[in-house]
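Here's the letter readout for the chains.
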Amino acid sequence: MNKTNQNITDQTNKKLSFSALTLAVLIGITGCSSDDGEITNTDSDDTNGTPNFSEAQFVLANNGSDNAGTADLIDQNSVKLKTFNTTANEGVAFDALGNLIQASDISSGSIKTVCQLANRVDEDSFNSNRDREITGSSTTLANPKGIAVSDKLGLIFIADFGAMQVTVFGATSAGNSAPLANTITNAAPWDVDYDEVNDRLYVALTNGDVAVYDNYVNGGFVAMPNRTITPSDNNGAQVSVNIHGIVFDSNTNKLILSDVGSATDATDGSLFVIDNASSADGAVSVARSIAGPTTMLGNPVDISLEGTDLRVAEKSNDAILIFSNIFAGESGDITPDLVTSTIKPESITKVGMQNEMADISDSDTLNMSLLGVAVSSNPATNSETTGQISRLSPELTTTLGSYNASQTIESVTFDKAGNSYTTFDNSTTSTGGIIISNKVAINRDGQTYSASQDSIISGANTGLISPKGLDVASDSGMVLVAENNADTPSISIFSTCTTGDANPLMTLTFANNARPWDVDYDATTDRAFVALTNGTVAVFDEVKSKLMAGTTNIAIEDRLITPANTGTAVEAPSNIHGIDYDSVSGSLILSDVGSATVADDGKIYVLNNVATASGLVNISTTISGPNTLLGNPVDIMYSGTDLYVAEKSNNVVMRFNNILSSAGGNISADESAAFAAPESVAILPDWLNK
């Protein structure tokens, strides 16, 4: 008999002798204690008896009678750091912004997004003003279990056990929305993993098979699997029974599977490693199998791979198991390297890493490579460009694509995942809002707003009536919006994850009831710079810090900056619209539309050393005059080197190179392109597509 077959036979025999007493003894051995319970380890590498695992954090979803709906933040040694009431109980994953996405079937099928979970306080709960949910009859969700997220495409793939299908949504979708796609499976699925490099979906089925869909998204969410992998011994006999957890490792082209066997048997769980996953088909001999009484595998409902360390959520035996070097070694009854007792774990995943780049409005890289420049169109009379967000080449010579937000839109900006945030207003109904659209920076060419991918913040509670400019702080989960209406002018701060008729998390208001047009939040200094239509700039310090401390309103600015020439304030009419602060140089760049009815009196200002400035601040550079084509420069964005300008009255988008070293004056733009009523402009760094 070959070694693999012998090991599988041995494991089967050992399972028969695995008793409840043996399990109790295994869990009862104490290596060191934690908030999670007791830790047992058999391969001690450091002074306190815990193996040396790479530093990391994980989220563990719980699903017991007393802890369903909670999730624990744990470290690499399974020590609990915090607990959250996510109100969800099934599969967990993270998106590109560090938000937790979790499936739930506690009362009805749903997918919840918990904003910036790792940064939330201990014992915090799901909050509709901060978080969002996909649920309702239109979603077709029944019993969603494991999930996977494609950061590149901004898609959520859901194994829906009760509906016997894989369901797909855009990552910014919310509410009772129909899915982008449903793929019916041959057996009830429990988990999924997606290889976004090769557009390949792996689905763990509870009949012991793995369904593989090649070219899944680009093929229009193909309906039938290209291949089916059946874990087998070397004689071709199936060894899998009820696959739950699945992980594809792109570095080795291997699949790791967890098999719970019988859900009522706490002794018959297994782990399988499958080689050459991208091409495996049919009865495939497992490269390694782990099972038996020493493994403590009974119902391994989910797995997470970090390097070569495999973490197992072992539900029936109430434990987190860690197996090091999962791809190496013999098959058989392998003892875990670390065992931590915990109550009814359901799913586990590593906390998502946040992008270390600065937000697009805070670009601090000289000569940064760009994918393009996004420009919104807002003509006075509705036309084919109304609601359109176009992507132009950095040289402004070519249109690369467009997306229709299906509203009368104002300003547009983007988070670090490439999702767009667009303000809109309806003068007829006096209602406004924010459209959050999935991956507009990259791959929504020719598409329009769809509830399957996108969502809206709007309603009486939002206070949004006539919102204009906005800015996103991705790492803080904040979107700041300039609300321009005459009665309640303010900066409203919303969660980037909320949706619907949500309350602002915080509002900033101004002395003398001044009206804002745009805002630039600088994450480095935790400071908000607000362009006011009375020709001044309001500055608010410690914005996030005050929000985190519980403040819901900052009633007046900390400082007010008035642009000046040789100590005298700029003459009226002065009407600041566009604003961009550069924390590297401490410079503030402003656009002044002057009179909104005059098409040749616009200006660009550069003010130096404004980080803590107050009162009159002399302008160091002014760009104005007929050659500039500046009439109503309604928006600007600095790339770290150059300045892009949306010039609305003259229907042109422009770029002024090396703006901070420019001598200014009556100069022509270095690049320009005709564009219908441009309302806002935003750069798109090429790292958005990495």
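You'll find the structure just up there.
Worth saying up front: this structure is predicted, and the values here are computed from it rather than measured.

1. So, the pairing of strand β31 (residues 409–414)
- Among the six residues that make up β31, six are buried, leaving the element largely enclosed by the rest of the structure.
- Across four bridges, the pairing between β31 and strand β32 (residues 420–426) is antiparallel. Each bridged residue has a counterpart across the sheet, and for threonine 413 the counterpart in β32 is tyrosine 421.
- Counting the residues in the hairpin turn of β31 and β32 gives five residues, including glycine 418, whose phi is positive at 90°.

2. A look at unusual backbone geometry
- Omega for the peptide link from alanine 572 to proline 573 comes to 0°, which places this bond in the cis form.
- By the secondary structure assignment, proline 573 is in the loop between β45 (568–569) and β46 (576–582).
- The phi dihedral of aspartate 199 is positive, around 50°, even though this residue is not glycine.
- Taking relative accessible area as the criterion, aspartate 199 reaches 6% and is therefore assigned buried.
- At asparagine 253, a position not held by glycine, the phi torsion is positive, near 60°.
- Structurally, asparagine 253 is set in the loop between β18 (243–249) and β19 (254–259).

3. Regarding the sheet that holds strand β22 (residues 288–291)
- Spatial strand order, β18-β19-β20-β22: four strands in an open sheet with antiparallel pairing. The sheet is open, and its two edges are formed by β18 and β22, each paired on a single side. Taking each pair of neighbouring strands and ignoring which way they run, the sheet shows an average axis angle of 15°.
- Where β19 lies against strand β20 (residues 270–274), five bridges are found, and the strand directions are antiparallel. If you follow serine 258 over to β20, its bridge partner there is leucine 271.

4. Examining the packing of aromatic side chains
- All chains considered together, the criterion is met by eight aromatic pairs.
- Considering the side-chain rings of phenylalanine 157 and tyrosine 216, the 6.1 Å spacing of their centres and the 55° angle between planes classify their relative orientation as tilted. Of this pair, phenylalanine 157 sits in strand β11 (residues 155–160) while tyrosine 216 sits in the loop between β16 (210–214) and β17 (227–232), placing them 59 residues apart in sequence.
- Residue class for tyrosine 216 comes out buried when judged on its relative accessible area of 0%.
- Ring centres of phenylalanine 529 and tyrosine 581 lie 4.3 Å apart, and the angle between their planes is 20°; on these two criteria the pair is classed as stacked. Here phenylalanine 529 is found in strand β41 (residues 527–532), whereas its partner tyrosine 581 is found in strand β46, with 52 residues between them in sequence.
- Accessibility expressed as a relative area gives 3% for tyrosine 581, which makes it buried.
- Aromatic rings pair up to connect Phe157, Tyr194, Tyr213, Tyr216 and Phe221 into one cluster.
- Between the NZ or CZ atom of lysine 112 and the centre of the ring of phenylalanine 126, over which it lies, the distance is 4.9 Å.

Calculation rules
- Residues numbered from 1 in each chain as written.
- Predicted model: local features only at pLDDT ≥ 70, side-chain atom pairs only at ≥ 80, totals over all residues.
- Heavy atoms only, no water.
- Buried < 20%, exposed > 50% of the residue type's maximum accessible area, 1.4 Å probe, protein only.
- Helix = DSSP H or I, 4+ residues; strand = E, 2+ residues; numbered from the N terminus.
- Pairing = 2+ DSSP bridges.
- Axes fitted to C-alpha atoms, helices over the stretch in contact; angles between N-to-C directions.
- Phe/Tyr/Trp six-rings, centres within 6.5 Å; stacked < 30°, edge-to-face > 60°.
- Lys NZ or Arg CZ within 6 Å of the ring centre and 35° of its normal.

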